[in-house]
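# Residue-level structure breakdown
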Amino acid sequence: MPDQGKLLATAGVIQVEGAAGAGLVPWAVISGYGTENSYGFNAHVTQLNTQDYQLNTYGVALGICDKLELSLSKQEFSGSLAPLDKLKLSQDVVGVKLKLAGDLIADQNNWLPQIAIGAMYKRDQNVTGLDALGVTQVTQLGAKSNQGTDYYLSATKLFLAQSLLLNGTLRMTKANQMGLLGFGGDLHDRYQVMPEISAAYLLNRKLALGAEYRQKPNNLSIDHEKAYYDGFLAWFPNKNVSVTLAYVDLSDITIFNPKNQRGWYFSVQIGN
């Protein structure tokens, strides 16, 4: 069995693409509570609802020796407002993360953060609900491809005495709306480096309050893509369960519905 030797909450939660982190941003932490001589695993279900859209995500993640993380998740996106009320998009995400240096707990006496690199391979399924327009693939909406890979570098620093965690991530990506609208587009079709930031304050050993910012590329003329923001509260009753509640701002998703999309994010994670 996993030894569950890491401190409570130091494994983070599972973010919306399946990696250990917060709600929107991957961190340098490795999923699960297994230490360097053990492993950890978990499963998660996430739902995000805005005024006009819903995103469901579910998947599993495995942390090996607090060094390597493997994850598999699926995202399902749907609309509820005409003309996109029948729209359904989905994509599969396969992730890998490798810890390079530093330790969240052991490096309290210096400024070295925990550092990790990661990759997320994403592949879109067929588009449904736009049959009247003859659209069945994201490439018909302007995307250059229905599959792509994000690469990222994360640095996470925990200040135990101050109950504060800070994270910075740089992501190389071509993804449109995390990849749900494909990769590359009629405006741009090159990798761009996007910054992502998280901060969390530990109210006590079981509650963390935080906020995130995630910059996005703008590759499609049908989608004036902008940054994501959220404020979250994560509860860790024990090392087998965590619950995350967030208020999210996704900005507008498409020119067919140019309205700022804001709503609630709820995620449950179970595992070891």
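Described in the following lines is the structure provided in the data block. This structure is a prediction, so every number in the text was calculated from the model and none was measured. (Residues numbered from 1 in each chain as written. Predicted model: local features only at pLDDT ≥ 70, side-chain atom pairs only at ≥ 80, totals over all residues. Heavy atoms only, no water.)

We now examine the environment of Gly 32. Structurally, the position occupied by Gly 32 is in the loop between strand E2 (20-21) and strand E3 (39-50). By relative accessible area, Gly 32 is classed as buried at 4%. Placed 21 residues apart in sequence, Gly 32 and Ala 11 show a C-alpha to C-alpha distance of 5.7 Å. (Helix = DSSP H or I, 4+ residues; strand = E, 2+ residues; numbered from the N terminus. Buried < 20%, exposed > 50% of the residue type's maximum accessible area, 1.4 Å probe, protein only.)

As enumerated under the stated definition, the model contains 18 salt bridges in all. Note that Lys 6 and Asp 66 form a salt bridge whose closest N and O atoms lie 3.1 Å from each other. Of the two residues, Lys 6 sits in the segment before strand E1 (13-14) while Asp 66 sits in the loop between strand E4 (53-64) and strand E5 (68-79), which places them 60 residues apart along the sequence. Assigned by exposure class, Lys 6 and Asp 66 land together as buried. One salt bridge in this structure joins Asp 52 and Lys 259, with 3.2 Å as the shortest N-O distance. Of this pair, Asp 52 sits in the loop between E3 and E4 while Lys 259 sits in the loop between strand E13 (241-251) and strand E14 (261-271), and the two are 207 residues apart along the sequence. For Lys 259, a relative accessible area of 34% gives the class partly exposed. (Salt bridge = Lys/Arg side-chain N within 4 Å of Asp/Glu carboxyl O.)

A contiguous nonpolar surface patch, about 770 Å² in accessible area, is contributed by Leu 98, Leu 100, Ile 117, Tyr 151, Leu 153, Leu 170, Met 172, Tyr 191 and Val 193. Turning to its location among the elements, Ile 117 is positioned in strand E7 (residues 114-124). (Patch = residues over 30% accessible without salt bridge, like charges linked within 9 Å, V, L, I, M, F, W, Y side chains within 5 Å. Areas by Shrake-Rupley, 256 points an atom, 1.4 Å probe, with all protein chains shown as cover.)

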